[in-house]
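Each chain, letter by letter, is given below.
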Amino acid sequence: MSNIAFIGLGNMGGPMAQNLVKAGHALTVFDLVPAAVQVLVADGAQAAGSAREAVAGADVVISMVPASQHVDALYLGPDGILEHIPTHALVIDCSTIAPQTARKVAQAALARGLDMVDAPVSGGTGGAIAGTLTFIVGGTVAALERARPILEKMGKNIFHAGGAGAGQVAKIANNMLLGVQMAATAEALALGVANGLDPKVLSDIIGKSSGRNWATELYNPWPGVMENVPAAKHYAGGFGVDLMLKDLGLAAEAAMGARAVIPLGELARNLYALHSSQGSGKLDFSSIVNLIKRDAP
Ligand code: NAD
């Protein structure tokens, strides 16, 4: 069993770390929010007073923080941990960030003789809790094989997308599709309801028809259609609007850099930006339905 330093214990990192504790690994954890650390301590993890303290003596370092700037600061900033990670350790960053930031940190790690992979995840908080996440890995085959036994304790599917940063490119493409799909699903349901349909009946019909998708199957945005989804809990928890907005911004940057054409991704980015600007940034992204639906006349 490995000594694992786990940094970032939010909606995703918390349950991922819990699954590693359950699998028998020795975890030392750190988050800027003390309450998040205490949850893990109750499960048997050890608390560290700082990220640097967490990585001392680690065989594996895992980070799950919000965005590129957090990963950059965590590893390479003035209090950065990279210089303090034991050189035999494997580094796994599971955050969704810009591919160029992932490559920059991986190169700095390599310069220190450390193996590092970018391993963003798909599957949402439900997948994090159930240990059924999909990991989309960028890095060398050798580093992926070192990471595999750890990732298998948190997920079910492990893909090798390519070299450093490739996991992030694949993840960004997937999340752009997710953002578009959720907004389009909300729009279709709102159209039906505005024309007198029951949202549950319409969802059942779409679920067996050609518009069927991940949102209609597992994450319906309309309240009252599904249990145990953010729409059933006033859009609390889940995957925040601001995180979706960040991912759509990463897609826009990647498109500009490669002269790719993403008209629907750009439209979705603007919809989530408008929704966030109206005070919904911390709600789950399926709350985009509130931007679209109209109250009954
Ligand atoms: P979150 O905001 O719930 O959690 C992030 C945690 O990181 C917070 O607890 C924060 O305090 C901590 N943090 C930030 N900077 C830190 C630092 N320097 N040191 C220690 N802790 C620090 O976010 P989340 O929903 O868990 O998402 C994390 C990442 O996973 C994001 O990149 C997101 O895009 C991605 N993701 C999220 C989901 C989802 O459904 N929530 C799904 C797939 C991928």
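For the structure, see preceding data.
Keep in mind the model is a prediction, meaning the values are calculated, not measured. (Residues numbered from 1 in each chain as written. Predicted model: local features only at pLDDT ≥ 70, side-chain atom pairs only at ≥ 80, totals over all residues. Heavy atoms only, no water.)

**Q** Which residues make up the packing of helix 8 (residues 166-194) against helix 11 (residues 241-258), and what values do they have?
**A** The contact between helix 8 and helix 11 brings their axes to 9 Å, and the two run at 120 degrees. Here helix 8 is positioned oblique relative to helix 11, judged by the angle of their axes. In this structure, helix 8 crosses over helix 11, and the sense of that crossing is left-handed. Packed against helix 8, whose contacting residues are Ile172, Asn175, Met176, Leu178 and Gly179, the element helix 11 presents Met244, Asp247, Leu248, Leu250 and Ala251 at the interface. Of the residues that constitute the contact of helix 8 with helix 11, the class distribution is 7 nonpolar, 2 polar and 1 charged. (Axes fitted to C-alpha atoms, helices over the stretch in contact; angles between N-to-C directions. Helix = DSSP H or I, 4+ residues; strand = E, 2+ residues; numbered from the N terminus. Parallel < 35°, antiparallel > 145°, perpendicular 65-115°, else oblique. Left-handed = near helix turned anticlockwise from the far one by under 90°. Contact = heavy atoms within 4.5 Å. Nonpolar A, V, L, I, M, F, W, Y, C, P; charged D, E, K, R; others polar.)

**Q** Lay out the site of the ligand in plain terms, naming residues and giving numbers.
**A** The environment of the ligand is formed by 22 residues, the closest being Asn11, Met12, Asp31, Pro66 and Lys246. Measuring from a nitrogen atom of the ligand, one finds a backbone N or O atom of Gly238 at 3.2 Å. One of the side-chain nitrogen or oxygen atoms of Lys246 is found 2.8 Å away from an oxygen atom of the ligand. In isolation the ligand offers 830 Å² of accessible surface; the protein chains occlude 87% of this area. Counting residues per element, the ones that place at least two in the shell around the ligand are helix 6 (124-130) and helix 11. Partitioned by chemical class, the residues of the shell around the ligand number 11 nonpolar, 8 polar and 3 charged. The two domains that each donate at least three residues to the shell around the ligand are domain 1 (3-163) and domain 2 (169-292). (Near = heavy atom within 4 Å. Polar contact = N/O pair within 3.5 Å; in protein donor to acceptor, adjacent residues only side chain to side chain. Areas by Shrake-Rupley, 256 points an atom, 1.4 Å probe, with all protein chains shown as cover. Domains from an automatic or database assignment.)

Read these as spatial facts, not as claims about activity.
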